[in-house]
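Chain by chain, the residues run as shown.
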Amino acid sequence: MHDTPDRPRTRWGVFARRDFRLLWVGETVSGLGSSITVVALPLIAVEVLDVGATAVGLLAAAVWLPWLLVGLPVGAWVDRTRKRPLMIACDLVAVAALVSIPLAAWLDALTFQHLVVAALTCGTAAVCFNTAYHSYIRIVLDGRDLLEGNAKLQGSEAATRVAGPGVAGLLAQAFGAVFALVADAVTFLVSAVCLKRIGVVEPDPTPDEERAPLRQQITEGLRFVGRDRYLRSMVTWGAVINMALMGYQAVQVVFLVRTVGLNPAMVGLLLTSGSTGGIVGALVATRVSRRFGTARGLLILQIATAPFVLLLPMTTAGPGLLLFATGAFLVGIGVSVANIVVGSFRQTYCPPHMLGRVVATAMVINHSTIPIGSLLGGMLGDAVGYRSAMWITTGVVAPSWLILALSPMRRERDLPQTHEPEQAPAKG
């Protein structure tokens, strides 16, 4: 089933596997393209269509909205179908949606509604792709390599978040924001080609699962996550921390510009601190997990990094900027390690026929708090001031590790690798 499973381990680790290299290259390149689009799409809306801030916010929301609309049924659908053809199709749909924007612009026919539809299309393709992708990693790599593989993928994702905005700015400055979307479309084509060349044989879906009603499968996914003591705490923690993170991120730029008094270039430099921490987190995740265990290592790093988020609202001009950089960097490490450990845990712990539904359920719940956090952060900024809003939202992040500490993982060195149904208490 896996690519050369009996190959001895080398200093190259999972990169010694051709199929993983193809998956990694495709994901890294398309991740860079997606980071470019995050900057290019609002630039097109502002520079080409001359829209206001509310419209730009609506455009950003359109990318996340598909998670709430179709995330749960997509999770059940992914469990019914083969992953690689679906992922390739998602890449090609994204290519078509992105290419349509420069074509319309060159024909002088681009509208804001067109941008919104393209954002919704790309967002829907991302929902399908990411849900299938988390299941497909388990097909490409066996259990012992999942943690390392996820760390490599998370590290490259964090690196693209650092490089993407800069590349987007350079492309937009040199050729215009519209051209940057052409570059993103090319990255999705690269991803599709890499996926096409992967040689691992994907097993066919279970016939019984194909016959099960879609609504029943969605319910089973929700029930599986809700009843499992490990997944339940992880999803709760993810929802809370996403809301709080997005809360302070919604006001941090205004805080840095209007309260601290920074110029845009310095703001951009400071905001890369979190992504840089994400890269470091990806580099240390495997070592920390092997040294302390997946459960204990996850808890230790959350306890050691999350409280430093309180440095952000303490930021002042001059040397005080180090407070923001340090806090964002350490929080980035903690979040990156958590993403790697939790993602790897789901891939080994969940039964293969349930993985798509479990991933989709977790992502729908976690992503549903993102717009809520952004809205609350903005409202707090207007109501109590930017620094006070930063204190309130970071004050939620700092103790968030308690949610994980109150779960069963506090008593264990490693998270379990297989799901065992909890026994009902004996009667009498």
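No experiment lies behind these values; they were computed from the predicted model shown.

Can you break down the overall build of the protein residue by residue, with the values?
On a plain count of helices and strands, the protein comes out with 15 helices and zero strands. Here the contacts in the protein between residues at least 6 apart in sequence split such that 86% fall between residues at least 24 apart. When the accessible surface of the protein is split by element, carbon and sulfur atoms take 65% of a total near 19500 Å².

I'd like a rundown of the side chain of glutamate 27, residues and numbers included.
Here glutamate 27 is to be found in helix H1 (residues 18-48). Owing to a relative accessible area of 15%, glutamate 27 belongs among the buried residues under this scheme. For glutamate 27, the residues in contact, after removing those within four places along its chain, are Phe129, Tyr133, Leu153 and Ser191.

Would you mind going over the packing of helix H9 (residues 229-260) against helix H14 (residues 386-397) in detail, with residue names and values included?
The geometry of H9 relative to H14 is characterised by a closest axis approach of 8 Å and an angle of 155° between their N-to-C directions. By the angle between their axes, H9 is roughly antiparallel relative to H14. The two elements H9 and H14 cross, and the hand of that crossing is left-handed. Where H9 abuts H14, its residues Val240, Ile241, Ala244, Leu245, Gly247, Tyr248, Val251, Gln252, Val254, Phe255, Arg258 and Thr259 lie against Tyr386, Arg387, Ala389, Met390, Thr393, Thr394, Val396 and Val397. Looking at the contact of H9 with H14 residue by residue, the class counts come to 13 nonpolar, five polar and two charged.

Give me the lowdown on the environment of alanine 97, citing residues and values where you can.
Among the secondary structure elements, alanine 97 is positioned in helix H3 (residues 83-106). Note on alanine 97: relative accessible area 9%, which makes it buried. Along the sequence, alanine 97 and valine 117 sit 20 residues apart, while their C-alpha atoms lie 8.5 Å from each other. Aside from chain neighbours lying at most four places away, what touches alanine 97 is Ala118, Thr121 and Cys122.

Quick one: what's the story with helix H12 (residues 321-349), residue by residue and with numbers?
Given a rise of 1.5 Å per residue, 29 residues ought to cover 42 Å, and the 42 Å separating the end C-alpha atoms of H12 matches this to within 8%. For H12, the buried fraction is high: 23 of the 29 residues fall into the buried class.

Lay out empty space enclosed by the protein in plain terms, naming residues and giving numbers.
For the coordinates displayed, the defined rule picks out two cavities of 30 Å³ or more. Of the pockets and cavities examined, the second largest cavity occupies roughly 40 Å³. Around the second largest cavity, the lining residues are Ile241, Gln302, Thr305, Ala306, Val331, Gly334, Val335 and Val397. If you list the elements that add at least two residues to the lining of the second largest cavity, you get helix H11 (294-305) and H12. If you tally residues by element for the lining of the second largest cavity, the top one is H12, at three residues. Considered class by class, the residues forming the lining of the second largest cavity number five nonpolar, three polar and no charged.

Any chance you could break down a nonpolar patch on the surface for me, citing the residues and the numbers?
On the surface, Ile372, Leu375, Leu376 and Met379 cluster together into a nonpolar patch covering about 390 Å² of accessible area. Mapping isoleucine 372 onto the fold places it in helix H13 (residues 355-384). The exposure class of isoleucine 372 is partly exposed, given its relative accessible area of 41%.

Explain the pattern of salt bridges residue by residue, including any values.
Here the structure, examined in full by the defined rule, presents three salt bridges. Of the charged contacts in the structure, one is a salt bridge between aspartate 414 and arginine 413, with a shortest N-O distance of 2.9 Å.

Outline the packing of aromatic side chains, supporting the account with residue identities and numerical values.
One pass over the structure, following the stated rule, counts six aromatic pairs. With a centroid separation of 5.1 Å and 80° between ring planes, the pair formed by phenylalanine 15 and tryptophan 24 is classed as edge-to-face. The class of phenylalanine 15 is partly exposed, set by a relative accessible area of 22%. Exposure remark for tryptophan 24: the relative accessible area of 25% places this residue in the partly exposed category. Considering the side-chain rings of phenylalanine 345 and tyrosine 349, the 4.5 Å spacing of their centres and the 25° angle between planes classify their relative orientation as stacked. Of this pair, phenylalanine 345 and tyrosine 349 both sit in helix H12, four residues apart, roughly one helical turn. For the pair shown, phenylalanine 345 and tyrosine 349 are each scored as buried. An aromatic cluster of three or more residues is present, and its members are Phe15, Phe20 and Trp24. Of note, arginine 291 hangs over the ring of phenylalanine 292, and the distance from its end group to the ring centre comes to 5.0 Å.

Parameters at a glance
Residues numbered from 1 in each chain as written. Predicted model: local features only at pLDDT ≥ 70, side-chain atom pairs only at ≥ 80, totals over all residues. Heavy atoms only, no water. Helix = DSSP H or I, 4+ residues; strand = E, 2+ residues; numbered from the N terminus. Contact = heavy atoms within 4.5 Å. Areas by Shrake-Rupley, 256 points an atom, 1.4 Å probe, with all protein chains shown as cover. Buried < 20%, exposed > 50% of the residue type's maximum accessible area, 1.4 Å probe, protein only. Axes fitted to C-alpha atoms, helices over the stretch in contact; angles between N-to-C directions. Parallel < 35°, antiparallel > 145°, perpendicular 65-115°, else oblique. Left-handed = near helix turned anticlockwise from the far one by under 90°. Nonpolar A, V, L, I, M, F, W, Y, C, P; charged D, E, K, R; others polar. Expected span 1.5 Å × (residues − 1). 1 Å grid on protein atoms, 1.4 Å probe; cavity = no way out; pocket = protein on both sides within 12 Å on 5 of 7 lines; lining within 4 Å. Points joined across faces, edges and corners; volume = space filled by probe spheres on them. Patch = residues over 30% accessible without salt bridge, like charges linked within 9 Å, V, L, I, M, F, W, Y side chains within 5 Å. Salt bridge = Lys/Arg side-chain N within 4 Å of Asp/Glu carboxyl O. Phe/Tyr/Trp six-rings, centres within 6.5 Å; stacked < 30°, edge-to-face > 60°. Lys NZ or Arg CZ within 6 Å of the ring centre and 35° of its normal.

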